[in-house]
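Each chain, written out:
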Amino acid sequence: MTKFRRASRSARVLVPGAVAVALLAGCAQGSGAAESASPTDGTSTLTGTPPSSTGTTPATGASGAVTPPPSASVPLPDSSASTAPGTLLVTDFGSDTVTFVDPERGAAGSVKVGTAPYGLVLGSDGRAWVATAEGVAVVDTERRERLALVPYRTDSGPATTGEYRGGGMGIALAPDGRRVYVGVNVPGGNGTLEVLDTTSLRFTDTVPVGRRPFDVDVSRDGAEVYVTNHDSFDVTVVAAGSLSPRRVEVAPYGTEGGLGSWLKPHYAAVRPSDGKLLLPFEGERLAVVDPRTGRTTIEPMTADTHQHGTAVTADGTLLTVGTGPIDPDVDEGPSLTVRRPDGTERIHPLEGPHESVAVSRDGRTAYVTGGFTRDGYWDGLTVVDLDSGDTRRLPAGSRPLGIVVL
């Protein structure tokens, strides 16, 4: 195991042979070995509400056939109740469900979607697209039922659970709603980007990408897709028309340590003002990547903590989840960074690791999932008042990871 110890607030050096902090050990390791998750880690594409998607009729047939809906889901206490605007939807990475969450009272019913759901994205028609280990699940969020489960083309092994499981991770929806893009992890090797037609509910194309595609984002005009590959220190830029891939290395600390390095990209956000990608590293460095030129510039950050999930608001405010220290002797604890477009930051301390973040439609509240891809997760959300800084906890499913606001 390789451990990084900060030599200063702007640099880290390798200390070979030391034992890394157990809380984040798996994040450094790029092994494809499956790990069991106890039933208890987004978009970036774990957050946001892209424009309209079309079509609702599942396709049938041999290759790429859609799995029928499950025979049962966990009903609401009042099955006649409709989903109110502002309700949260989270993926239960420790289970096979997504859970609806009342932002005041907590969990309010679940729907079975498939093994170990990771990222999800929401269309304006109310359908949610969920990346599971088995395929992409389609959920009607108004009726609260799974409409279909579309299996991947990529062979990623048996559907398992845990941080290194194969199958879907990051997921995004094209601005016109016609295609869903999902990053598929292949344990022990490079992943793929699969393209799902939202009308026929069939995967139409597969594009090679890097290792462990944590996140998928789409440019505002829909012309490009960005796949953030955790274990290969890069972003794959895919032209939406030709589906030709191009690798852009994103390694502000370098690539020393390889799969054992802590200092790899996790999640990205597309900056509304210019379409550049924002990738936070360690609460110390923000990599700003121009996907057209491949050039990266670095801006300082202040949280000094290992960072995962991101979200960006319409005015360009970046929210980034700090999961906690790599080295507790020199790093800070879990937090939520709110970074304004001018670079000023406010750090909101959190109790325990978290993974992903979404923002209320009025921009005043952040919801941070407690699932986390490593040990230390918990079954709930932290609600952060972005004006006062007050926080409170809500029960929310089983190891909640991805999140959207309905």
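Just above, that's the structure.
Quick caveat, the model's predicted, so the values are computed rather than measured.

Thoughts on the packing of aromatic side chains
With the rule as written, the count across this model stands at five aromatic pairs. Arranged with centres 5.8 Å apart and planes meeting at 85°, the rings of Phe93 and Tyr118 form a pair that is edge-to-face. With Phe93 in the loop between β3 (88-92) and β4 (97-102) and Tyr118 in the loop between β5 (106-112) and β6 (120-122), this pair connects stretches of sequence that are 25 residues apart. Here Phe93 matches Tyr118 in class, with each residue buried. Measuring from ring centre to ring centre gives 6.5 Å for Tyr253 and Phe281, while their planes differ by 50°; the resulting arrangement is tilted.

Here's the deal with the sheet that holds strand β15 (residues 224-229)
Here four strands make up an open sheet; going across it, the order is β14-β15-β16-β17 and the pairing antiparallel. With partners counted over all chains shown, the strands left at the sheet margins are β14 (213-218) and β17 (245-249), one partner each. Looking at each pair of strands side by side, their axes are set apart by 20° on average, direction ignored. Judged from the five bridges that link them, strand β16 (residues 234-239) and β17 form a sheet pairing that is antiparallel. Counted as the bridge partner of Val235 is Val248 from β17.

Re the pattern of salt bridges
According to the stated counting rule, one finds 15 salt bridges in the structure shown. The closest approach of N and O atoms between Arg247 and Glu249, which form a salt bridge, is 3.6 Å. Assessed through its relative accessible area of 49%, Arg247 is described here as partly exposed. Look at Glu249 and you get partly exposed, because its relative accessible area is 43%. Through salt bridges with shared partners, a single network forms among Glu163, Arg212, Asp231 and Lys264.

Basis of the calculations
Residue numbering note: each chain is counted from 1, following its sequence as written. In view of the model being predicted, local features appear only for residues whose pLDDT reaches at least 70, and side-chain atom pairs are presented and counted only at 80 or more, with totals across whole chains, interfaces and linings using the full set of residues. Calculation of side-chain values draws on the structure's entire complement of heavy atoms; hydrogens and water are dropped beforehand. The pairing test for Phe, Tyr and Trp rings, Trp by its six-membered ring, is centres within 6.5 Å, and the orientation test on the planes gives stacked under 30 degrees, edge-to-face over 60, and tilted for anything in between. Every helix listed is a DSSP run of H or I at least four residues long, and every strand listed is a run of E at least two residues long, numbered separately from the N terminus. Note on classification: 1.4 Å probe, protein chains only; a residue is buried when its accessible area is under 20% of the maximum for its type, exposed when over 50%, partly exposed between these limits. Following DSSP output, two strands are said to pair if at least two bridges run between them. Note on geometry: axes are lines fitted to C-alpha atoms, helical ones only across the stretch in contact, with angles between N-to-C directions running from 0 to 180 degrees. Here, a salt bridge means any Lys or Arg side-chain nitrogen found within 4 Å of an Asp or Glu carboxyl oxygen.

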